[in-house]
Amino acid sequence: MSAQGSKFDFDIAVVGSGPAGLAAAALAASKGASVVLLDEQTEPGGQIYRAVTETPVRDRKVLGPDYWHGAELLGPLRDSGAVHWPGSTVWSVARPREDGPDGERRIQIGLSRNGAAAMLTVRHVILATGALERPFPIPGWTLPGVLGAGAAQVLLKTSGLVPSGATVMAGSGPLLWLLAWQYLQAGARIDAILDTTPKQNWRAALPLLPGFLRSPYLGKGMKLMLEVRRKLTVIGNVTALRAEGGLAGEGVLKSVVYTRNGTEHRLPADTLLLHQGVVPNLNLANATGCAQRWDEQQRCWRPTTDEWGATSVEGVSLAGDGAGIGGARAAEEAGRLAALDALHRLGRIGREQRDQSAAPFRAALDRALTGRAFLDTLYTPAEAFRVPADDTIVCRCEEITAGAVREAVRLGCSGPNQAKSFLRCGMGPCQGRLCGPTVTEVIAAERGVSPAEVGYYRLRPPVKPITLAELAALPKTDADIDAVFKH
Amino acid sequence: MTATALPRPDVIVIGGGLHGCSAALQLSMRGVRVLVLEKDHVARHASGVNAGGVRQLGRHVAEVPLSVASMALWHGIRDLVDDDCGFESHGQIKVAETEAELETVRARVAELNALGFTHEEVIGQEELRSLVPAIADHCVGALVSRGDGAAIPFRTTFAFRRKAIALGARFQEGGAVTRLARKGGLWSVETADGGRFEAPVVVNAAGAWADRIAAQVGEPVPLEVIAPMLMITARVAPFIKPVVGATGRTLSFKQFPNGTVLIGGGLLGRAVRDENRTELDFSQVSVNARTVWDLFPCMRGATIVRSWAGIEARMPDQIPVIGPSGTEPDLYHSFGFSAHGFQLGPIVGRITADLITGGATDLPIAPFRIGRFAA
Amino acid sequence: MFRRLPEIETAAEKVSFTIDGRPAKARAGDSVAAALLANGVTACRNTPVSGAARGPYCMMGVCFDCLVTIDGTGNRQGCQVRVAPGMAVETQNGKREVER
Ligand SMILES: Cc1cc2nc3c(=O)[nH]c(=O)nc-3n(C[C@H](O)[C@H](O)[C@H](O)COP(=O)(O)OP(=O)(O)OC[C@H]3O[C@@H](n4cnc5c(N)ncnc54)[C@H](O)[C@@H]3O)c2cc1C
Ligand SMILES: Cc1cc2nc3c(=O)[nH]c(=O)nc-3n(C[C@H](O)[C@H](O)[C@H](O)COP(=O)(O)OP(=O)(O)OC[C@H]3O[C@@H](n4cnc5c(N)ncnc54)[C@H](O)[C@@H]3O)c2cc1C
Ligand code: FES
């Protein structure tokens, strides 16, 4: 397909325009590499800086200073000369092959834009695909009216929408408190926050507190949480949760039932916002064949990388929360480190120059990661919310319950891939994003082994669904590809 | 990992695909003690990820007698394995897009009739329309095999395994057979995870890796490792019952009862068998999508949710290796199914069991002997 | 249920579109999913498996619970498409018919 000199051939593709991707693309392009920055969102910013260029929420105190920092990343990108193609969903990244007439190894990238598909070739890919909210499987979590807290935050950032009617937030983790704080600033209604952080987590996290208190960024989170606790009804030690609809569990959310100290309580609710942390969005890396490992501290799978973000696949590196949760500031620095290493691998800078230029970024990365262990430990979700009871749906797409997964284990399915073939869990359009972590943990618990042993789904491109028409019309020439980008 | 605690098996089957599981089941049904050694897990490879097509239609003439006998087993699959395996029989159809293609299929039917087989018929445009209302207008007719159908591959292979276990077979997963040697009338088999097993008889059902087992007994075979690709759509309302293929280009097209549509037909990606890995070739996937675009206009806006490839063994003449080893006694091969071995699973297990327990089979397997590549 | 922050509601540049044929208004820049929520539509489809009602859950393109039919094309992710003037948005019932 496209070869050297083509408009659809680049030195580096960066997938994802959150802090990691913005920083990586700007740095790589500023050093003269040809860079294309791809993101399925129509605006740069990723999750934290969602809609930072055009949010209708102009009152700066609502979203807070951490949010507005995102705007500072856009200037360097503009000045760098990187090609920016928002609205491009990347559905495939292939291992490097000698395809072009010059015989040089290239990576082929499949993407969709405005309903048309195209293939690009590059020499190096930096995946900066970020995180997604950890699944929070409770009975009724599929009811309309139940959303992720992160989802609600997207509504606030992009559209200035806040819940109306009875609103309950539930779960744990920094983002839950951040959203509650942002709602406070915006004057939105919150009836209650149900805190599911297990009591014993505090005990486990306490020894790590000094490190946390040294963190220049994370301490702010604590202040914000205290403010929320002062001003809102926060109900702690919640050990079970259930969302209920109308009659026969049909229709939309009507109430939230929670257990505290062994007693059930019911709250009427029009909106329930769930959150228990974020996990790497690793579908693209996994489908590309990047090795991954189970991270016991963060209780999630993360692709294995070296200190520059390089994965097990030649020419593919990772930066940001997609490689393991470190937060926005860490993502930014990791993006720069991955860019330097890519420049080095492409022969644009020497090893020494790479290492020298990296020093300040590495120091900043270390600073940004200070205190992470405390947060990870404090906010490890309770087992009951990671390994749900039999009647709870774990796979939202195919509506497979935890009980069905356990039954499959008893029949001899020893890992997520067998369960998937047997039950279809993970086979729907979300491609396991909303059930993968749960299915791994349910199988591990049922077998009494570590999640590391049971493994994770083997994912395949397209990592996002595409239409048959797009595939059938995959452009073969530059002129064809041009047409895809005309819009 | 040693077999000392357990009674020595009579037969060791290498490979837990459908063919290994089927042989294990048929042997267990006759009271033979079987141990299946599988390097990954049962149905991890071709047998668990194939298109599930259960077809006699369009088979190589050498395979037709086996395929017809297997079809009879498929129609009674529940009696065999206590699970219907998701098997449904709505026929398989191979459409002709031109008069010339229609001529080709007519000649095919004549050839089969001359051999005494009547399961394939030619149908005209009108009947094609009534069987497949969604087919593109330009299709002029088709070849049909009405008793054919499709099943769910992973579930099928799993069901064979379950029934074999219920009848006493043992399965050991997670260790590849690395060494195979015969001493004093006994096979000694070693696995990568340190296992050592012995048995008088061995079955080589190692799929795309079977040439390595054969090589250990001095029988090199020209096995090619291929990676046929498939893709599947999101659920759509039911609109087609039979499985549809094409005469002039590669296609396999079917809708599952749950509404998803499976599209394949043998276009190849790349296989890296040492890493259990396949890579898709989207230029080929695109060719496949184009065929569907042409033949099923209603599918143009369908969403493709997933695609994948499986690792399969292909022989130069596109037919499998079945039967005794040419160099060693008490070793039987069953591999090289060349991307159409799912349908043959039930019968080939029986043939292998017949050979082991009775020294003969009533089906014509001469064309599949391993010695054919020697010359 | 969601409402617009007051200062935004007044300043908003309005987009007219339809939900199942009924006229509706959104803010330019809203995703279709946001526009539905802003108009009080929490459930946008029934699942093809059990027929249960679903609505947007993740707002970032990963859960596929916001699937709707947009201008006649089914299975579009409402949270990933911007609402446009005159757009016809339809809630989705179960499996899509082929050809839409
Ligand atoms: C919903 C949500 C809200 C969050 N809000 C906050 C917050 O307010 N404050 C905070 O500190 N942290 C927040 N976080 C945590 C967040 O993960 C990090 O702070 C930060 O955004 C990570 O930066 P990143 O560059 O690694 O990835 P992200 O910022 O997540 O950016 C990844 C980008 O990659 C794109 N992408 C992913 N896959 C593809 C693909 N296949 N094709 C094309 N593009 C793709 C995505 O569209 C996204 O824009 C949030 C996380 C989530 C999931
Ligand atoms: C995508 C695709 C679609 C297909 N569609 C159809 C179809 O529609 N209809 C049809 O009839 N056929 C179809 N086929 C072909 C069919 O799937 C195969 O012919 C059949 O499954 C082969 O079964 P098997 O048991 O020989 O091989 P496999 O299923 O590959 O099993 C062999 C097993 O042996 C194991 N093994 C290998 N070496 C060792 C060792 N040294 N030690 C221990 N274990 C070992 C492997 O791990 C593997 O599990 C398709 C194939 C593919 C890939
Ligand atoms: S709301 Fe999850 S994909 Fe749109």
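Structural data are supplied above this passage.
Predicted model only: the values in this text are computed from it and were never measured.

Draft legend 1. View of the overall build of chain C. The secondary structure content of chain C amounts to two helices and nine strands. The secondary structure elements of chain C, listed N-terminal to C-terminal, are β-α-β-β-α-β-β-β-β-β-β. The C-alpha radius of gyration of chain C comes to 13 Å, within 12% of the 13 Å expected for a compact globule of 100 residues. Taken along the three principal axes of its C-alpha coordinates, chain C extends 40 × 25 × 20 Å. For chain C, the proportion of its 100 residues judged to be buried stands at 54%. Across chain C, every contact between residues at least 6 apart in sequence was considered, and the portion connecting residues at least 24 apart equals 40%. For chain C, the computed accessible surface area is about 3900 Å², with 49% contributed by carbon and sulfur atoms. Taking the average place of the 13 positive charges on the side chains of chain C and the average place of its 10 negative ones, the gap between the two points comes to 3 Å.

Draft legend 2. Looking closely at helix α15 (residues 402-410) of chain A. Those residues of α15 of chain A that sit buried are A402, G403, V405, R406, A408 and V409 of chain A. Buried residues belonging to α15 of chain A abut β22 (393-395), β23 (400-401), α16 (416-423) and α17 (436-447) of chain A.

Draft legend 3. Local environment of the interface of chain C and chain A. The partner chain A presents 50 residues to the 32 residues of chain C that form the contact. The shortest N-O distance in the salt bridge between E54 of chain A and R82 of chain C comes to 2.6 Å. Applying the counting rule to chain C against chain A returns 17 residue pairs in polar contact (both at pLDDT 80 or more). Every element with two or more residues in the side of chain C that touches chain A is listed here: β1 (2-4), α2 (32-38) and β5 (53-54) of chain C. Each residue belonging to the side of chain C that touches chain A can be placed in one class, and the counts come to 18 nonpolar, seven polar and seven charged. Relative to β1 of chain C, strand β10 (residues 161-163) of chain A is paired through three bridges, and the arrangement is antiparallel. Opposite V162 of chain A, over in β1 of chain C, you have R3 of chain C as the bridge partner.

Draft legend 4. Inspection of the sheet that holds strand β22 (residues 321-324) of chain B at higher detail. Residues and elements named next belong to chain B. Strand order in the open sheet made by the six strands is β8-β2-β1-β12-β23-β22, with mixed pairing throughout. Of all the strands in the sheet, the pair left with one neighbour each is β8 (170-173) and β22. Across this sheet, the average inter-strand angle for adjacent strands is 15°, counted without regard to direction. As judged from the four bridges shared by β22 and strand β23 (residues 331-335), these two strands associate in the antiparallel manner. Following the sheet pairing, V321 is matched in β23 by F335.

Draft legend 5. Examining the state of the cysteines more closely. Residue and element names in this part refer to chain B. Using the criterion set out here, one finds zero disulfides over all chains in the structure. Here C85 is not disulfide-linked; the sulfur of C21 is the nearest cysteine sulfur, at 11 Å. We classify C85 as buried; its relative accessible area is 0%. Among the cysteines around C139, which has no disulfide bond, C298 carries the closest sulfur, lying 12 Å off.

Draft legend 6. Looking closely at the sheet that holds strand β16 (residues 263-268) of chain A. All names here are of chain A. The strand order across the open sheet formed by three strands is β14-β15-β16, and the pairing between neighbours is antiparallel. One side of each edge strand has no neighbouring strand; the edge strands of this open sheet are β14 (238-244) and β16. Strand after strand, the sheet turns through a mean of 20° between neighbouring axes, direction not considered. Pairing of β14 with strand β15 (residues 255-260) involves six bridges; the strand directions are antiparallel. Directly across from L241, in β15, lies its bridge partner Y258.

Draft legend 7. Structural context of the pattern of salt bridges. The full count for this structure, using the stated rule, is 67 salt bridges over all chains. For D65 of chain C, the salt bridge identified is with R396 of chain A, shortest N-O distance 2.7 Å. Of the two residues, D65 of chain C is situated in the loop between β5 and β6 (67-70) and R396 of chain A in the loop between β22 and β23; the pairing between them involves two chains. Here D65 of chain C matches R396 of chain A in class, with each residue buried. The salt bridge partner of E103 of chain B is R106 of chain B, with a shortest N-O separation of 2.7 Å. A residue pair is termed a helical-turn pair when its members lie 3 or 4 positions apart in one helix, as E103 of chain B and R106 of chain B do in helix α5 (residues 99-114) at three residues. Residue class for E103 of chain B comes out partly exposed when judged on its relative accessible area of 45%. What emerges from the salt-bridge pattern is a single network uniting D9, D11, E104, R106, R123 and R348 of chain A.

Draft legend 8. Broad picture of the nonpolar core. Judged by nonpolar contacts, the single largest core of 133 residues is most densely connected at I109, L241, L272 and L274 of chain A. In terms of residue count, helix α10 (residues 345-358) of chain B provides more of this core than any other element does, six residues in total. Discounting residues that sit within four places of it in the chain, L274 of chain A has contacts with E133, F136, I138, W141, V146, L147, G148, A149, A170 and L241 of chain A together with Y57 of chain C. Counting residues in each nonpolar core, the second largest holds 84 residues, with V52, L365 and F374 of chain A together with M59 of chain C among its members.

Draft legend 9. The arrangement of the site of ligand 2 in detail. Residues and elements named next belong to chain B. Around ligand 2 sit 35 residues, and of these E38, S47, G53, V177 and E312 come closest. Between ligand 2 and H19, the relevant distance is 3.1 Å, taken from an oxygen atom to a main-chain nitrogen or oxygen of the residue. The backbone of H340 places a nitrogen or oxygen atom 3.2 Å from an oxygen atom of ligand 2. Looking at the shell around ligand 2 residue by residue, the class counts come to 16 nonpolar, 14 polar and five charged.

Draft legend 10. Structural view of empty space enclosed by the protein. Under the defined criterion, the tally for this structure stands at seven cavities of 30 Å³ or more. Each pocket or cavity is described by its volume, and for the largest cavity that value is around 230 Å³. Q41, T42, R50 and T158 of chain A together with R82 of chain C are, among the 17 residues lining the largest cavity, the residues nearest its centre. Looking at the lining of the largest cavity, its residues break down into five nonpolar, six polar and six charged.

Draft legend 11. Spotlight on the site of ligand 1. All names here are of chain A. In the neighbourhood of ligand 1, 33 residues make up the surrounding shell, with A20, D39, V90, Q153 and D321 lying closest. Here an oxygen atom of ligand 1 sits 2.9 Å away from a polar atom, N or O, in the main chain of Q47. Contacts to ligand 1 include Q153, whose side-chain N or O atom sits 2.6 Å from an oxygen atom. Protein burial of ligand 1: of its 970 Å² of free accessible surface, 93% is covered by the chains. Those elements giving two or more residues to the shell around ligand 1 turn out to be α1 (19-30), β4 (88-93), β8 (131-133), α5 (149-159), α6 (174-186) and α11 (328-345). Its residues assigned to classes, the shell around ligand 1 comprises 14 nonpolar, 14 polar and five charged.

What counts and how
Residues numbered from 1 in each chain as written. Chains lettered and ligands numbered in written order. Predicted model: local features only at pLDDT ≥ 70, side-chain atom pairs only at ≥ 80, totals over all residues. Heavy atoms only, no water. Helix = DSSP H or I, 4+ residues; strand = E, 2+ residues; numbered from the N terminus. Rg over C-alpha atoms; globule rule 2.2 N^0.38 Å. Buried < 20%, exposed > 50% of the residue type's maximum accessible area, 1.4 Å probe, protein only. Contact = heavy atoms within 4.5 Å. Areas by Shrake-Rupley, 256 points an atom, 1.4 Å probe, with all protein chains shown as cover. Lys, Arg positive; Asp, Glu negative; His and termini not counted. Charge placed at Lys NZ, Arg CZ, Asp CG, Glu CD. Salt bridge = Lys/Arg side-chain N within 4 Å of Asp/Glu carboxyl O. Polar contact = N/O pair within 3.5 Å; in protein donor to acceptor, adjacent residues only side chain to side chain. Nonpolar A, V, L, I, M, F, W, Y, C, P; charged D, E, K, R; others polar. Pairing = 2+ DSSP bridges. Axes fitted to C-alpha atoms, helices over the stretch in contact; angles between N-to-C directions. Disulfide = S-S within 2.5 Å. Core = buried A, V, L, I, M, F, W, Y, C linked by side-chain atoms within 4.5 Å. Near = heavy atom within 4 Å. 1 Å grid on protein atoms, 1.4 Å probe; cavity = no way out; pocket = protein on both sides within 12 Å on 5 of 7 lines; lining within 4 Å. Points joined across faces, edges and corners; volume = space filled by probe spheres on them.

As far as function goes, none of this settles anything; it's purely spatial.
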